[in-house]
Amino acid sequence: MRRFAPVLAVAALAAAALTGCGEQSWEKKCTTSPQGVIECTPAQRPAAREVTGELLGGGTYDVSQDRGKVVVVNFWGSWCSPCRAEADDLEQTYGATKAKGVTFVGVNSRDGRDAALAFERGRVSFPSIYDPDGKVALKFDVTQVSTPSTLILDKQGRIAVALRRATTVGELQPLVERVAAEGTG
């Protein structure tokens, strides 16, 4: 029995580790509308990990610097037609909500810097993280990240809403305002 003890201990550790791998994704714990909008109650919301990145226009961004604000994160690429279609809606929502403690940040992926800067110019006034390899997107722990997609983080930095497609001001602004109106408790 003594020689089996180490084997049993390793087996128990492996079983515990594999149990975590089979854990249900956070999106499955939330409500998904027929339109594909995933909304999480405060108790269901996963915390966004430490997300930092180099900004297209220079400098760096750290999502933790915006704790206490609602943060809208939009994943985009200059090569993406739906991204072009939603850019004006994102900018309108940003303009309409920034006085309510809301900030926006884009995450540009699979792009060259010049193409990304050209796309951004004249379309949006909020900053974007340059993420050519998609590494920043992975830090949000979002499965099935598509482009475009948008996350709304609550004031505690938790994912409150996820949209895995293009959005409009008519859809996005009420979602952002609802999260912004929540207490900080």
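So, how was this worked out
Per chain, residues are indexed from 1 in the order of the written sequence. Confidence filtering applies because this is a predicted model: local features only for residues at pLDDT of at least 70, side-chain atom pairs given and counted only at 80 or more, and all residues used for totals across whole chains, interfaces and linings. Water and hydrogen atoms play no part in the side-chain values, which are based on all heavy atoms of the structure. Joining through side-chain atoms within 4.5 Å is the link that ties buried Ala, Val, Leu, Ile, Met, Phe, Trp, Tyr and Cys residues into a set, and such a set is a nonpolar core. The cut-offs for exposure are 20% and 50% of the maximum accessible area for each residue type, with area from a 1.4 Å probe on protein chains only; residues under the lower value are buried, those over the upper are exposed, and the others partly exposed. Labels follow the DSSP assignment, with helices taken as runs of H or I lasting at least four residues and strands as runs of E lasting at least two, numbered in each case from the N terminus. Counting of polar contacts relies on pairs of N or O atoms within 3.5 Å, with two restrictions inside protein: one atom must be capable of donating a hydrogen and the other of accepting it, and residues adjacent in sequence are counted only when both atoms are side-chain atoms. Residues are treated as being in contact if the distance between any of their heavy atoms lies within 4.5 Å. Confidence scores per residue from the predictor, reported as pLDDT, run from 0 to 100. Disulfides are defined as cysteine sulfur pairs within 2.5 Å. Note on definitions: angles span 0 to 180 degrees between N-to-C directions of axes, and those axes are lines fitted to C-alpha atoms, for helices only across the stretch in contact. Left-handed is the label given to a crossing in which the near helix is rotated counterclockwise from the far helix by less than a right angle, and right-handed is the label when the rotation is clockwise. Here the nonpolar group is Ala, Val, Leu, Ile, Met, Phe, Trp, Tyr, Cys and Pro; Asp, Glu, Lys and Arg are the charged ones; every other residue, Gly included, is treated as polar. Side-chain rings of Phe, Tyr and Trp, where Trp is taken by its six-membered ring, are said to pair if the distance between their centres is within 6.5 Å; with planes under 30 degrees apart they count as stacked, over 60 as edge-to-face, and otherwise as tilted. In this analysis the charged atom, NZ for Lys or CZ for Arg, is taken to sit over a ring once it is within 6 Å of the ring centre and within 35 degrees of the ring normal.

As for the nonpolar core
- In terms of nonpolar packing, the biggest core is built from 22 residues, with Val73, Phe140 and Leu153 touching the most fellow members.
- For this core, the secondary structure elements donating two or more residues are strand E5 (70-76), strand E6 (102-109), helix H4 (135-139), strand E8 (149-153) and strand E9 (159-163).

Here we look at the side chain of Ser128
- As for its placement among the helices and strands, Ser128 is situated in strand E7 (residues 128-131).
- In terms of polar contacts, Ser128 uses its side chain to reach the side chain of Trp76, at 3.1 Å.
- Those residues in contact with Ser128 that lie beyond four places of it in its chain are Glu54, Leu55, Leu56, Trp76, Val105, Gly106 and Glu120.

Side note on the confidence of the model for the protein
- Taken as a whole, the protein shows an average pLDDT of 85; of its residues, 83% reach a score of 70 or greater.
- With pLDDT under 50 throughout, residues 3-22 is counted as low confidence; its partners more than four residues away or in other chains account for one contact.

What to know about the state of the cysteines
- The final tally for this structure, using the stated rule, is two disulfides.
- Each disulfide pairs two cysteine sulfurs, and for Cys30 the partner residue is Cys40, the sulfurs being separated by 2.1 Å. With the S-S bond torsion at 100°, the cross-link from Cys30 to Cys40 turns out right-handed. Here Cys30, found in the loop between helix H1 (5-21) and strand E1 (31-32), pairs with Cys40, found in the loop between strand E2 (37-39) and strand E3 (52-54); they are 10 residues apart in sequence, far enough to count as distant. Residues Cys30 and Cys40 agree in their burial class; the two are buried.
- The disulfide partner of Cys80 is Cys83, and the S-S distance across this bridge is 2.4 Å. As the torsion about the S-S bond is roughly 80°, the Cys80-Cys83 disulfide counts as right-handed. The same class applies to Cys80 as to Cys83, namely buried.
- Counting only the cysteines that form disulfides, in the order they appear in the protein, gives the pairing 1-2, 3-4.

Description of the packing of helix H2 (residues 81-97) against helix H5 (residues 169-180)
- Between H2 and H5, the least distance of the axes is 9 Å, while the angle of their chain directions is 30°. H2 and H5 meet at a crossing whose hand is right-handed. The segment H2 lies against H5, with Asp89, Leu90, Gln92, Thr93, Ala96 and Thr97 engaging Val169, Leu172, Gln173, Val176 and Glu177.
- Taken together, the residues of the contact of H2 with H5 sort by class into five nonpolar, four polar and two charged.

Examining the packing of aromatic side chains
- Applying the stated criterion across every chain yields a total of four aromatic pairs.
- Three or more aromatic residues joined by ring pairs form one cluster here, namely Tyr94, Phe104 and Phe126.
- Across from the ring centre of Phe119, 4.3 Å away, lies the NZ or CZ of Arg123, which sits over that ring.

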